[in-house]
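# Coordinate analysis (summary)
These are the residues of each chain, in order.
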Amino acid sequence: MDLTFSPQEIAFRDELRGWLAANQPDAAPVDGGEDAQYQWRRDWQRRLYDAGWAAPAWPVEYGGRGASLTESAIYYEEIGRSRSPLAANTLGLLLGGPTLMVWGTDEQKERYLPPILSAEEIWCQGFSEPEAGSDLASLKTRAVKDGEEWVVTGQKVWTSGAQYSKWCMLVARTDGDVPKHKGLTYFLMDMEQDAVQVRPLRQITGEDEFNELFIEEARIPDANVIGGVGNGWKVALTTLMNERAGLGFALQIRLRQLLDDTIAVAAERGLLEDPVYADELAELHTRCESIRLLAWKGLTDVERYGQPGPEGSLVKWLWSDTNQRLTQLAVDIVGPAALTAGTSWSYEFLRARGNTIEGGTTEVLKNIVAERVLGLPRLKVAV
Ligand SMILES: Cc1cc2nc3c(=O)[nH]c(=O)nc-3n(C[C@H](O)[C@H](O)[C@H](O)COP(=O)(O)OP(=O)(O)OC[C@H]3O[C@@H](n4cnc5c(N)ncnc54)[C@H](O)[C@@H]3O)c2cc1C
């Protein structure tokens, strides 16, 4: 990976920086709770969309700019650097759209891609179930064919943003007589039907970021099967690969900003002279740099193999671990204000707890790194 930007990449970065400087998002709403926050992020995505900046990595024919891998990484770094909020339809932009581009029919792409970009239709990811998270292929939600439709019954959990979503990327079992990975199908389920009940789950931060979904004989037309009946595992892997790839760049910049903010407070309080804090901040600085460079190195895999490689798991593991260490240290440096409800410090501290679970738990990521990056043998447990 050559980290020197070409004139074209510099022009791309400068154009985006210029646009972001001239188009700061409105201040986050103070009242109105999560609904208002969500609307604020939706409005922000709409502004990005109107200016052609919602998803520059998407091909021009689907409303993107056909940005190269490096430009796309620059995009996420600049969005992170500008401290703009995440676009409301992040799951649609990062996971749903790219999955549809690989597996969708022309009709599906034409119908679903434009409203993902404009945030008119929000997407959520209905993969995890109460007894199937890391071992996704064990899922039990069942879809049975009925004429030209599928009838779906089951339960999903941890479904982020389901309360705002029009469409759910749903993986369900369509054949119970074949090995578990082979009996799955990937659907696009309309959330606006009585058979789908969304129950928000309150998190430690006080937010209802994710939900339980109770699905009782929901109907999905045949036309909303993505990638063919029985092919759901492969389609789901496309979604999961994209999950760990794109966000990495924005997350590592946010980590850097939080570290800089923490160092600034430590400096104000004279704590940089204290070797305990100085050592820990230096260690976090080194980790931040390693994560940044690993994220860039990950682009080489995409260039070589056409899709993100298992190294993305390493970045996700290091990022989540570092973010938890940093937010814990920030509490020690900032003091009681960091444990007071409503402060950004307390939010960061509490929200970081979920980092080692979401998008693949640390234990599972370590297995992937051990087996697929380091080539270590699989652990065989004697029973
Ligand atoms: C903030 C947040 C948002 C999320 N959003 C979504 C979403 O929008 N859609 C969605 O579908 N899911 C979502 N998830 C769910 C997430 O993907 C799962 O929580 C995750 O895959 C783990 O599954 P689980 O919770 O069922 O834990 P389990 O798989 O039951 O794991 C329990 C424990 O066992 C460990 N473990 C499991 N298997 C192994 C193994 N083979 N080797 C070693 N240890 C193992 C795990 O590391 C964990 O510590 C979200 C989670 C969070 C925290």
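Residues numbered from 1 in each chain as written. Predicted model: local features only at pLDDT ≥ 70, side-chain atom pairs only at ≥ 80, totals over all residues.

## With respect to the overall build of the protein chain
- Secondary structure summary: the protein chain contains 10 helices and eight strands in total.
- The C-alpha radius of gyration computed for the protein chain amounts to 21 Å, which stays within 12% of the reference 21 Å derived for 383 residues, consistent with globular compactness.
- Considering only C-alpha atoms, the protein chain reaches an extent of 70 × 55 × 45 Å along its principal axes.
- Per-residue burial for the protein chain yields a buried fraction of 39% across its 383 residues. (Helix = DSSP H or I, 4+ residues; strand = E, 2+ residues; numbered from the N terminus. Rg over C-alpha atoms; globule rule 2.2 N^0.38 Å. Buried ≥ 20, exposed ≤ 12 C-beta atoms within 10 Å, placed from the backbone.)

## Describing the domain arrangement of the protein chain
- For the protein chain, the assigned domains read domain 1 (7-117), domain 2 (123-230) and domain 3 (235-373).
- Computed from C-alpha atoms alone, the centre-to-centre distance between domain 2 and domain 3 is 29 Å.
- Considered class by class, the residues forming the side of domain 2 that touches domain 3 number seven nonpolar, three polar and no charged. (Domains from an automatic or database assignment. Nonpolar A, V, L, I, M, F, W, Y, C, P; charged D, E, K, R; others polar.)

## Describing the site of the ligand
- Lining the immediate environment of the ligand, one finds 19 residues, of which F127, G133, S134, T361 and E363 sit closest.
- Listing elements by their share of the shell around the ligand, those giving two or more residues are β1 (123-126) and α10 (362-373).
- The leading source of residues in the shell around the ligand is α10, at three residues. (Near = placed C-beta within 6 Å.)

## Some details on helix α2 (residues 33-50)
- The end-to-end C-alpha distance of α2 is 26 Å, a good match for the 26 Å that 18 residues give at a rise of 1.5 Å each.
- Looking at α2, one finds that the buried residues are R41, W44, Q45, L48 and Y49. All buried residues of α2 project into a common sector of 145° when viewed along the axis, lining one side. Seen from the buried face of α2, the exposed residues on the opposite side, beyond 90 degrees, are G33, D35, A36 and D50.
- Packing partners of the buried residues in α2 comprise α5 (106-117).
- G52, located one to two residues past α2, shows a positive phi value of around 80°. (Expected span 1.5 Å × (residues − 1). Arc of directions from axis to C-beta. Contact = placed C-beta atoms within 7 Å.)

## As for the environment of I74
- Residue position: I74 is located in helix α3 (residues 69-81).
- With 69 residues separating them along the chain, I74 and F5 place their C-alpha atoms 9.7 Å apart.
- When neighbours within four sequence positions are excluded, I74 is seen to be in contact with E9, F12 and R13.

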